[in-house]
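Remarks on the overall topology
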Amino acid sequence: DGIDPPSLSEICHKYGIADPRIASNMIITIKRRFRVILREHLRQTVVSDGQIEDELAEISKFLPHMVQYEK
């Protein structure tokens, strides 16, 4: 929408998080958990494990921050 995302400091202040490093670690943990859950879900919907990577690549087109996907 043309609006810059809030800084980590702003997020910390809004949610009562003591330190931006803690917020950063929380974000990384959430992203990792999301990838694990997404991978588990995809495993149930495809025929082979090779298709999982194809599906993740397709999904990453719609979720740009998943481009940082860790295999």
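Residues numbered from 1 in each chain as written. Predicted model: local features only at pLDDT ≥ 70, side-chain atom pairs only at ≥ 80, totals over all residues. Heavy atoms only, no water.

1. Overview of a nonpolar patch on the surface
A grouping of F34, F62 and L63 is seen on the molecular surface, where their side chains present a nonpolar patch of about 320 Å² in accessible area. With respect to the helices and strands, the residue F62 is situated in the segment after α3 (49-60). (Patch = residues over 30% accessible without salt bridge, like charges linked within 9 Å, V, L, I, M, F, W, Y side chains within 5 Å. Areas by Shrake-Rupley, 256 points an atom, 1.4 Å probe, with all protein chains shown as cover. Salt bridge = Lys/Arg side-chain N within 4 Å of Asp/Glu carboxyl O. Helix = DSSP H or I, 4+ residues; strand = E, 2+ residues; numbered from the N terminus.)

2. Things to note about the packing of helix α1 (residues 8-15) against helix α2 (residues 20-45)
Look at α1 against α2: their axes get within 9 Å of each other, and the N-to-C directions meet at 95°. Here α1 lies roughly perpendicular to α2, going by the angle between them. Here L8, S9 and C12 of α1 lie close against α2, whose contacting residues are P20, A23, S24 and I27. Grouping the constituent residues of the contact of α1 with α2 by class yields five nonpolar, two polar and no charged. (Axes fitted to C-alpha atoms, helices over the stretch in contact; angles between N-to-C directions. Parallel < 35°, antiparallel > 145°, perpendicular 65-115°, else oblique. Contact = heavy atoms within 4.5 Å. Nonpolar A, V, L, I, M, F, W, Y, C, P; charged D, E, K, R; others polar.)

3. Concerning the side chain of S60
Tracing the chain through its elements places S60 in helix α3. For S60, the side chain forms a polar contact with the main-chain oxygen of A57, separated by 2.7 Å. (Polar contact = N/O pair within 3.5 Å; in protein donor to acceptor, adjacent residues only side chain to side chain.)

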